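Below are the chains, spelled out letter by letter.
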Amino acid sequence: HRSHFGSSRLSSCSPPPKLAMSEKRSPAQQASQASMAAVHAKDKEKWLSLFAEDAHVEDPIGTSSLDPTGAGHKGKKAISDFWDANVAPNRIVFNINVSHAPVGSTEVANVGSIVTYLPAMNMTTVVNGVFIYKVDNDGKITSLRAFWNWKQMAASGGGVQHPDHKL
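All chains use their own residue numbering, which begins from 1 and follows the written sequence. It should be noted that, the model being predicted, local features are given only for residues of pLDDT at least 70 and side-chain atom pairs only at 80 or more, the latter also being counted only at that level, while totals for whole chains, interfaces and linings use all residues. For the side-chain quantities, the full set of heavy atoms in the structure was used; hydrogens and water were omitted.

Peer 1: Explain the overall build of the protein chain to me, please; I cannot follow it from the model alone.
Peer 2: If you tally the helices and strands in the protein chain, you get four helices and seven strands. Secondary structure elements in the protein chain, listed N-terminal to C-terminal, are α-α-β-β-α-β-β-β-β-α-β. The rule is simple: take the accessible area with a 1.4 Å probe, protein chains only, and divide by the maximum for that residue type; under 20% is buried, over 50% is exposed, in between is partly exposed. Burial status across the protein chain gives 44% buried among its 167 residues. Considering only intrachain contacts with a sequence separation of at least 6, the fraction spanning at least 24 residues in the protein chain is 54%. Accessible surface, the protein chain as shown: approximately 8700 Å² in total, 55% of it carbon and sulfur. Only runs of H or I of at least four residues qualify as helices and only runs of E of at least two qualify as strands under DSSP, and these elements are numbered from the N terminus. We call two residues in contact when some of their heavy atoms are within 4.5 Å. For accessible areas, the Shrake-Rupley method is used with a probe of radius 1.4 Å. Any residue's cover is judged against the shown protein chains and nothing else.

So, in structure tokens, the structure goes:
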């Protein structure tokens, strides 16, 4: 199965794909797609503006080198620090295959993969997962929970080395 980038390596940097959904997107779907677009555009201010003041980001769920305590990142300052450490230095492309947003719900579950190029290591990682966004009545993200397996990614060597890593 080919992703929207044409192969398992990132050869170009295209915008996030449109999510497969009905014409009327739920507020949670809108927020999740805006979040992915802001990450792709490297627009930290836009990304932060999507979150409620007391929002909580768990990416990934559980302990990892991104979150040694497993408690996540709570509040705009902690979420801003998460951006600086994990988004800013890297190139990230989302490949969302399915977006589930039950009618009347304030949540969406996006199923797909995230491909990240880490320039400091000249490495590309691919993680498959479920990415759950919850919004408040104003459409602000209150919770972002990313279910992907840190140990599995780390055990596989972290990714694939690519000498030609143009994004």
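Peer 1: Hey, could you run me through helix H1 (residues 27–41) in this one?
Peer 2: Count 3.6 residues to each turn of an α-helix, and residues three or four apart come out pointing the same way. Expected helix span is given by 1.5 Å per residue-to-residue step, counting one fewer step than there are residues. Along its 15 residues, H1 runs 21 Å from first to last C-alpha, staying within 8% of the 21 Å computed at 1.5 Å per residue. Every buried residue of H1 is listed here: Ala28, Gln29, Ala31, Ser32, Gln33, Ser35, Met36, Ala38, Val39 and His40. Buried-residue contacts for H1 involve helix H2 (44–49), helix H3 (76–87), strand E3 (91–100), strand E4 (107–118), strand E5 (123–135) and strand E6 (141–147). With its phi angle positive at about 60°, Lys42 sits one or two positions after the end of H1.

Just distances and angles here, no functional claims.
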